[in-house]
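Structural overview
Each chain, letter by letter, is given below.
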Amino acid sequence: MEYAVTSNQALAALCFLAILILGRWYTAKGNNSSDWVSQYPIVGAGGQYFSVALATLRSFSESQRWAFKGYAKYSKANVPFIIPCLDRGNVVMIPPKQLKKVYNLPESILDVYWTQNDTIQTRYTIGDQDIIKNGFQMSVIRNQITRNLAHLTPVIATELKEGFNRYWGDTSEWKELRIWDSCLKLIAGAANGAFCGTPLCRDVQFLDSLRDHAMTMFVGALAVNGTPKLLRPVSGAIVSLLCAFRFNKTLRLCLPFIKERLENTAKAMADPTFSWTPPKDGLQWIIEESYATNDPQQLDPTRVTHRLLYVNDISLHSTSFTVQNVILDIYNAEDSLNLIEALREECSAILREAGGSWTREAVQKLKLVDATIRESMRLTPFASVGLPRTVVDPHGISLEGPNGKLHIPQGTVVAMPMDPIHHDEDFYPDAAKFNPYRFMQPGAVQSILEKFDPENQGRGAASNKGEKEKRSTVTLDDALLGFGFGKHACAGRFFALNEMKMFVAHMVLNYDVKCLDRRPALTNVVWLKIPFNDGKVRVRKRPSMT
């Protein structure tokens, strides 16, 4: 079954019409004369009347270009600048030299939680608001799933093998497939081996419904964000109906399984002699956390399903986006054959050492695989501008400017120019080239503070030579922002990287891949890079390892 597009096309049309007809003229025109805005250079706005309002409309497709332009002209000189954005208004871009200072501010000054909720418009895309107010499913990802990776790693490996056989085939005949669609299916099956286990993680209808629900939520949030605030209840109501439709379809598929799990858990808690062993998966940990609240409403099967879907919603597309680009980067690399051979040698040696089955310890030894994923994330981050935060302190915050302090008032969104940082030649020589080996060289990647702030050289994280010499993707050094920054970094980053490493290992060991024609282009929508394309690859099963 090909990727479902009907409702997503409707949502995209809604977003486009909102941009053309309404835009953000009423918010932008107010900011044109704002005293605080006048302190900053505005990239994308000319000197004509309503220039900021017009730039806000154009940001739908121009934000990436403006991010690079502003970074080169202002960020490199440690000057903050503004990009007028369709979804956030006037967004202040933080120069690399000031990232740590700003992003280390306490949550009472700089909000991340509600800003993230605004990004995915949870008010309209999530049918049960309690899972946002009491979002303990995120703690399950951050704590139980991360702590149990030793148990979950073989499970994920098994589901990856099942998925590859199902979608990529198990014969030596070449098979053509849509890369984005197949990556979504593979990641959904593998991830849900850890999230809810069998039989759901192998139910094709359930996995397709998860994919469609996540995409409806994602595109719906874009549509709402592209609508002026005064009219968001209208677009939001439409998005809510579409998300509810997708949720109810998924609910029908998994509700019997959820109810059975809840019933078995209740029996086991009431009767120690009841013959049932609770599974070690995300769903069970969500149920246990629900019991810990002492609120019977948290055990409602529909609410538990909402939590399970939310975990999928926030993880499937980002991980699938990354592995799709890893595939394209590996098999389009200038030295592709040698890289593939090196990856196969590393993976086969470590798998052989582990007795032929992937373990958590074995996966952690995949250094070249790690570096390959890291380099792909650097070369193609999911957004040109990322990690938005909202100033919530009534007094605002201050940044360093060329002529003294610059004020940012309450309610303003700040962000960092992620894509330009990742393509900065000062950090990554020959930055446009895909070169995983750059991360295998001791001292090859210097932190942002070492490059931009000589006063801090030799102090803090940079002083730890062992950490600096070889960093894994999840160590989150300042120059690679793929998993976030600081204490609010991605909660599931350890799980995601573990899964992606096994994905790459299984692929290179078991399949030959040919990319067709040119690399499929990503679509820039405001800040994001979206794989709305029909990119295809050809794959075939390799002879079994001996």
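Residues numbered from 1 in each chain as written. Predicted model: local features only at pLDDT ≥ 70, side-chain atom pairs only at ≥ 80, totals over all residues. Heavy atoms only, no water.

Turning our eyes to something else, we now look at the pattern of salt bridges. This structure, assessed with the given rule, holds 27 salt bridges. Across the pair Asp181 and Arg211 runs a salt bridge, and its minimum N-O distance is 3.2 Å. Linking Asp181 in helix α10 (residues 179-195) with Arg211 in helix α11 (residues 204-225), this pair joins segments that are 30 residues apart in sequence. Across the pair Arg211 and Asp212 runs a salt bridge whose closest N-O atoms are separated by 3.1 Å. Considered together, Arg211 and Asp212 belong to a single accessibility category, that of buried residues. Each of the salt bridges in this network shares a partner with another, and the network as a whole consists of Asp181, Lys185, Asp208, Arg211, Asp212 and Arg246. (Salt bridge = Lys/Arg side-chain N within 4 Å of Asp/Glu carboxyl O. Helix = DSSP H or I, 4+ residues; strand = E, 2+ residues; numbered from the N terminus. Buried < 20%, exposed > 50% of the residue type's maximum accessible area, 1.4 Å probe, protein only.)

Moving on: the sheet that holds strand β9 (residues 511-515). One open sheet accounts for three strands, arranged β4-β12-β9; its pairing is antiparallel. Among the strands making up the open sheet, the edge pair consists of β4 (175-178) and β9. Going from strand to strand, the sheet's axes swing by 30 degrees on average, the running direction of each strand aside. Pairing analysis gives five bridges linking β9 to strand β12 (residues 536-541), with the strands arranged antiparallel. Along β12, the bridge assignment pairs Lys514 with Arg538. (Pairing = 2+ DSSP bridges. Axes fitted to C-alpha atoms, helices over the stretch in contact; angles between N-to-C directions.)

Mapped onto the elements, Ser182 comes out in helix α10. Setting aside its immediate chain neighbours within four residues, Ser182 contacts Trp168 and Leu177. (Contact = heavy atoms within 4.5 Å.)

The next thing to look at is the packing of aromatic side chains. In this structure the tally under the stated criterion is 10 aromatic pairs. Taken together, a centroid distance of 5.8 Å and an interplanar angle of 75 degrees make the contact between Trp36 and Tyr40 edge-to-face. For Trp36, a relative accessible area of 13% gives the class buried. A relative accessible area of 5% places Tyr40 in the buried class. Clustering of aromatic rings is evident, with ring pairs tying together Phe164, Trp168, Phe503 and Tyr511. If you follow Arg378 out to its NZ or CZ, it ends over the ring of Tyr428, 5.0 Å from the centre. (Phe/Tyr/Trp six-rings, centres within 6.5 Å; stacked < 30°, edge-to-face > 60°. Lys NZ or Arg CZ within 6 Å of the ring centre and 35° of its normal.)

What follows deals with the sheet that holds strand β1 (residues 81-85). Paired through backbone hydrogen bonds, the strands of a sheet run either parallel or antiparallel to each other. Pairing in this open sheet of five strands is mixed, and the strands run β1-β2-β8-β5-β3 from one edge to the other. Both outer strands of the open sheet, β1 and β3 (110-111), are each paired with one neighbouring strand and no more. Sheet analysis places strand β5 (residues 386-391) next to strand β8 (residues 413-416), joined by three bridges and oriented antiparallel. From the neighbouring strand, Arg389 faces β8, where its bridge partner is Val414.

In this section: the environment of Asp430. Within the element layout of this structure, Asp430 appears in the loop between α19 (418-422) and α20 (448-452). Under the relative-accessibility criterion, Asp430 is labelled partly exposed at 46%. When near neighbours in sequence (up to four residues on either side) are disregarded, Asp430 contacts Glu425 and Arg438.

Time to look at the pairing of strand β6 (residues 397-401). Along β6, the buried face is formed by Ile397, Leu399 and Gly401; none of Ser398 and Glu400, which line the opposite face, is buried. Examined bridge by bridge, β6 and strand β7 (residues 404-408) share five bridges and lie antiparallel to one another. Each bridged residue has a counterpart across the sheet, and for Gly401 the counterpart in β7 is Gly404. In sequence, β6 turns back onto β7 through a hairpin of two residues.

The contact between helix α8 (residues 136-147) and helix α14 (residues 301-313) brings their axes to 9 Å, and the two run at 55 degrees. Compared by their axis directions, α8 and α14 come out oblique. The element α8 and its partner α14 pack so that their crossing is right-handed. Residue-level contacts link Phe136, Gln137, Met138 and Ile141 of α8 to Arg307, Tyr310 and Val311 of α14. For the contact of α8 with α14, the class distribution of residues is five nonpolar, one polar and one charged. (Parallel < 35°, antiparallel > 145°, perpendicular 65-115°, else oblique. Left-handed = near helix turned anticlockwise from the far one by under 90°. Nonpolar A, V, L, I, M, F, W, Y, C, P; charged D, E, K, R; others polar.)

Relative to β12, β4 runs antiparallel, the two being bridged by four bridges. Paired with Lys175 across the bridge in β12 is Val539.

Relative to the helices and strands, Thr146 resides in helix α8. On the basis of relative accessible area, Thr146 is assigned to the partly exposed category, the value being 21%. Sequence separation between Thr146 and Ala491 is 345 residues, and the spatial gap between their C-alpha atoms is 9.0 Å. Those residues in contact with Thr146 that sit more than four places away from it in its chain are Ile141, Ala491 and Phe494. One polar contact links the side chain of Thr146 to the main-chain carbonyl oxygen of Arg142, over a distance of 3.1 Å. (Polar contact = N/O pair within 3.5 Å; in protein donor to acceptor, adjacent residues only side chain to side chain.)

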